[in-house]
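Okay, here's what each chain looks like letter by letter:
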Amino acid sequence: MEVTTKAIAISATDYKENDKYILLYSLEYGKISVLARGIRKASAKLRFAADQFCFGQYELALTGDRFTLKTCDQLESFYSLRTDILSYYAACTIAESLMNYTEEGLSEPELFIETLKALKALSCGINPLLVTLRYMLKFFEIDGLKLQLDNCISCGSSAKRFYLNLQRGGFVCDNCREADNTAVSMRAHSCCKMVENISYDRIPNINVSNDAVKEALTVCFKYISRSGFPLKSLNELIKLS
């Protein structure tokens, strides 16, 4: 059986002497592993199909539950992501989120479109920290882990100051906070609210300090790390910025 799907290559692993397994995030099939035979040969015409962030129309052979690459029509290479270190780590954060927190074979069109929009924004030179923050907040929402930014997740009241409660998975107010909860500054909290629902093309209109964005990203890092799979790329992005 042959199938065609739009997909983004998020990682590739060498296999045997000349092959690779490409991990794709696809529109129709979600995350899938695809065997690309002979793709490591110097003469291989489809070597680009295994490049990280390659977006293309992939033609695959499906045998049982195994995919094998037949051909690929590249739609966008996103090569520019490799020329700026912050954009690169931002894109790697996106890829790592998909690798660690999506189920194999589960199609999530909304997340696929969100991923494509974020990569396009990064390739256009839009602030990589803000693009990453926007993506992570949306990723949490699609994944059913939405950060409640307006009310305390414990008592439901609005608050002037919030604390991150990792065990409860969100923000709590002064009255509900526990000793080990992390205080979140108003600037970081406001940054999250500004970015949460904005379109990527409007991000350049946001006026916010770099420190506020870094703190907001640190909140995202701590929030997702509670699952036991911290995003190493996000941690590096925060350190480098």
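How each quantity is defined
Residues numbered from 1 in each chain as written. Predicted model: local features only at pLDDT ≥ 70, side-chain atom pairs only at ≥ 80, totals over all residues. Heavy atoms only, no water. Disulfide = S-S within 2.5 Å. Pairing = 2+ DSSP bridges. Helix = DSSP H or I, 4+ residues; strand = E, 2+ residues; numbered from the N terminus. Buried < 20%, exposed > 50% of the residue type's maximum accessible area, 1.4 Å probe, protein only. Arc of directions from axis to C-beta. Contact = heavy atoms within 4.5 Å. Core = buried A, V, L, I, M, F, W, Y, C linked by side-chain atoms within 4.5 Å. Axes fitted to C-alpha atoms, helices over the stretch in contact; angles between N-to-C directions. Parallel < 35°, antiparallel > 145°, perpendicular 65-115°, else oblique. Left-handed = near helix turned anticlockwise from the far one by under 90°. Nonpolar A, V, L, I, M, F, W, Y, C, P; charged D, E, K, R; others polar. Lys, Arg positive; Asp, Glu negative; His and termini not counted. Salt bridge = Lys/Arg side-chain N within 4 Å of Asp/Glu carboxyl O.

### A word on the state of the cysteines
Here a disulfide denotes one covalent bond, and it connects the sulfur atoms of two cysteines. Tallied over the entire structure, the rule returns zero disulfides. In this model C173 remains outside any disulfide bridge; the closest cysteine sulfur is found in C176, 3.7 Å from its own. C220 provides the cysteine sulfur closest to C192, a residue in no disulfide bond, and the two sulfurs are 5.5 Å apart.

### Focus: the pairing of strand β5 (residues 66-76)
Direction of pairing for strand β3 (residues 30-36) relative to β5: parallel, over a ladder of two bridges. Its bridge partner lying in β5, L35 is registered against T68. Bridging between strand β4 (residues 55-63) and β5 involves nine bridges; their strand directions are antiparallel. Residue pairing across strands places T63 opposite R66, the latter belonging to β5. Hairpin connection, β4 to β5: the antiparallel pair is bridged by two residues, and G64 has positive phi, about 65°.

### Focus on helix α4 (residues 186-196)
Taken residue by residue, α4 has A188, H189, C191, C192, V195 and E196 as its buried positions. The arc that holds the buried residues of α4, viewed along the axis, is 155°, so those residues lie on one side. Where α4 is buried, its residues touch α3 (128-142), β6 (162-165), β7 (170-172), β8 (182-184) and α5 (210-225).

### Observations regarding the nonpolar core
Core analysis: the biggest nonpolar cluster contains 59 residues, and L133 and Y135 have the highest contact counts within it. Ranked by the residues each element gives to this core, the list is headed by α3, at ten residues. Sequence-distant contacts of L133, defined by excluding residues within four places in its chain, comprise C191, C192, V195, A216, L217 and C220. If you look at the next biggest cluster of nonpolar residues, it comprises 19 residues, including I22, L46, Y58 and L60.

### What to know about the packing of helix α1 (residues 85-101) against helix α6 (residues 232-240)
Each pair of packed helices gets described by two things: the angle between the helix axes and the distance between those axes. Look at α1 against α6: their axes get within 7 Å of each other, and the N-to-C directions meet at 155°. Between α1 and α6, the crossing angle belongs to the class labelled roughly antiparallel. Crossing geometry of α1 relative to α6 is assigned as left-handed. Residues I85, L86, Y89, A90, C92, T93 and E96 of α1 pack against K232, S233, L234, E236, L237 and L240 of α6. For the contact of α1 with α6, the class distribution of residues is eight nonpolar, two polar and three charged.

### Here we look at the side chain of E96
Mapped onto the elements of the fold, E96 is located in helix α1. Among buried charged residues, E96 stands out as having no salt bridge; its nearest opposite-charge side chain is K232, 6.4 Å away. Those residues within four positions of E96 in sequence are excluded, and the remaining contacts are P230, L231, K232 and S233.

### What about the packing of helix α2 (residues 109-123) against α3?
In the contact formed by α2 and α3, the axes pass within 10 Å of each other and the chain directions differ by 175°. It follows from the interaxial angle that α2 and α3 lie roughly antiparallel. Where α2 abuts α3, its residues E110, L111, E114, T115, A118, A121 and L122 lie against P128, V131, R134, Y135, K138, F139 and I142. Of the residues belonging to the contact of α2 with α3, the class tally is nine nonpolar, one polar and four charged.

### Examining the sheet that holds β7
Read across the open sheet, the three strands follow the order β7-β6-β8; overall the sheet is antiparallel. With one partner strand each, in any of the chains shown, β7 and β8 form the two edges of the open sheet. Averaged over all neighbouring strand pairs, the angle between strand axes comes to 45°, with direction disregarded. Summarising the sheet, β6 and β7 pair through three bridges and their orientation is antiparallel. Note on β7: the bridge partner recorded for N165 is G170. Helix-sheet contacts for α5 involve β6, β7 and β8, and the interaxial angle to β8 is about 145°.

### Regarding the pairing of β6
Burial along β6 is two-sided: the face carrying F162 and L164 and the face carrying Y163 and N165 are both buried. The pairing of β6 with β8 spans three bridges and is classified as antiparallel. Residue pairing for β8: F162 is matched across the bridge by V184. The turn joining β6 and β7, which pair antiparallel and follow one another in sequence, is formed by four residues; a positive phi near 75° is taken by G169.

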